[in-house]
Amino acid sequence: MNMQVHEIFTRGAVHIPQERNLQEAAQQMLHQHVGALIVTDGGADNRLLGIVTDRDIVLKSVAAGSAPRTTLVAEVMSTGVASVGENDDLMEAMQAMFTHGVRRLAVTGADGAVVGVVSLDDVIEAMVRDWVLLASIVRGGQQRERSGSVQSALHP
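Some thoughts on the overall build of the chain
Item 1. The secondary structure content of the chain amounts to five helices and eight strands.
Item 2. A compact globule built from 156 residues should have a C-alpha radius of gyration of about 15 Å, whereas the chain, at 22 Å, is more than 25% larger.
Item 3. Every one of the 156 residues in the chain was classed for burial, and the buried ones make up 35%.
Item 4. Surface summary for the chain: the accessible area is close to 9900 Å², and the carbon and sulfur share equals 53%.
Item 5. Between the mean site of the 12 positive side-chain charges and the mean site of the 18 negative ones, the chain shows a separation of 8 Å.

Structure follows, in structure tokens:
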């Protein structure tokens, strides 16, 4: 099953400028139904600086007693975002997740610009669809065998 990243990733990465606070980040995650935001420099070209996850907010800020309204995204984000090309094979994306120890990757287009995010959940969902199809094929074959509608092999 040779699937490519462009078949499963979430287009239009949700991003936030680094100078926004964590409360704003959490609200954006809530409204966009996402667990991570791409962090940008806030300039006109929205240059990629890192990623901030709901887990980053909890472990690096809330657990430490920092105030979400005064703590900036830049203070808790992870830099050096792992990425994968939108035309890369899904196995390459999984290898990148494993190598970098992350559950999400920025997805880049041909020009290197971030075009979305692929998550471990996206990968699992795609694989489950493939396994359900495979199970249906097997189940259909078994039903045909039980009903006696299996064609016999051709003999010379």
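Details of the sheet that holds strand β6 (residues 83-85)
Item 1. Strand order in this open sheet of four strands is β1-β8-β7-β6, and the pairing throughout is mixed. Both outer strands of the open sheet, β1 (10-11) and β6, are each paired with one neighbouring strand and no more.
Item 2. Two elements, β1 and strand β8 (residues 114-119), share two bridges in a ladder whose sense is antiparallel. Bridging across to β8, Arg11 finds its partner in Gly116.
Item 3. The strands touched by helix α4 (residues 90-100) within the sheet are β6, β7 (104-108) and β8, with β7 carrying the most contacts at an inclination of about 135 degrees.

Considerations on the pairing of β7
Item 1. Taken across its five residues, β7 has four buried, putting it largely inside the fold.
Item 2. Where β6 lies against β7, three bridges are found, and the strand directions are parallel. The residue of β7 that forms the bridge with Gly85 is Thr108.
Item 3. Once you follow β6 into α4 and on to β7, the crossover reads as right-handed.
Item 4. When β7 meets β8, the two strands line up antiparallel, connected through five bridges. If you follow Val107 over to β8, its bridge partner there is Gly116.
Item 5. The turn linking β7 back onto β8 is made up of five residues, and Gly112 within it adopts a positive phi angle of 90 degrees.

Details of the sheet that holds strand β4 (residues 48-53)
Item 1. Strand order in this open sheet of four strands is β2-β3-β4-β5, and the pairing throughout is mixed. The open sheet is flanked by β2 (15-17) and β5 (78-79), the only strands paired with a single partner.
Item 2. Here strand β3 (residues 36-40) runs beside β4; their pairing, made up of five bridges, is antiparallel. The residue of β4 that forms the bridge with Ile38 is Ile51.
Item 3. Of the strands in this sheet, β4 and β5 are in contact with helix α2 (residues 54-62), which crosses β4 at around 75 degrees.

Concerning the side chain of Thr71
Item 1. One can find Thr71 in the loop between α2 and α3 (73-76).
Item 2. Of note is the side chain of Thr71, whose polar atom sits 2.8 Å from the backbone oxygen of Ala67.
Item 3. Not counting chain neighbours up to four residues away, the residues in contact with Thr71 comprise Arg20, Asn21, Leu22, Ser61, Ser66 and Val76.

Thoughts on the side chain of Ser119
Item 1. Looking at the element boundaries, Ser119 is found in strand β8.
Item 2. For Ser119, a relative accessible area of 14% translates into the label buried.
Item 3. Those residues in contact with Ser119 that sit more than four places away from it in its chain are Met97, Arg103 and Arg104.

What counts and what doesn't
- Residues numbered from 1 in each chain as written.
- Predicted model: local features only at pLDDT ≥ 70, side-chain atom pairs only at ≥ 80, totals over all residues.
- Heavy atoms only, no water.
- Helix = DSSP H or I, 4+ residues; strand = E, 2+ residues; numbered from the N terminus.
- Rg over C-alpha atoms; globule rule 2.2 N^0.38 Å.
- Buried < 20%, exposed > 50% of the residue type's maximum accessible area, 1.4 Å probe, protein only.
- Areas by Shrake-Rupley, 256 points an atom, 1.4 Å probe, with all protein chains shown as cover.
- Lys, Arg positive; Asp, Glu negative; His and termini not counted.
- Charge placed at Lys NZ, Arg CZ, Asp CG, Glu CD.
- Pairing = 2+ DSSP bridges.
- Contact = heavy atoms within 4.5 Å.
- Axes fitted to C-alpha atoms, helices over the stretch in contact; angles between N-to-C directions.
- Right-handed = clockwise from strand over helix to strand, strands pointing away.
- Polar contact = N/O pair within 3.5 Å; in protein donor to acceptor, adjacent residues only side chain to side chain.

Note that every value here comes from positions in space, so none of it alone points to a role or purpose.
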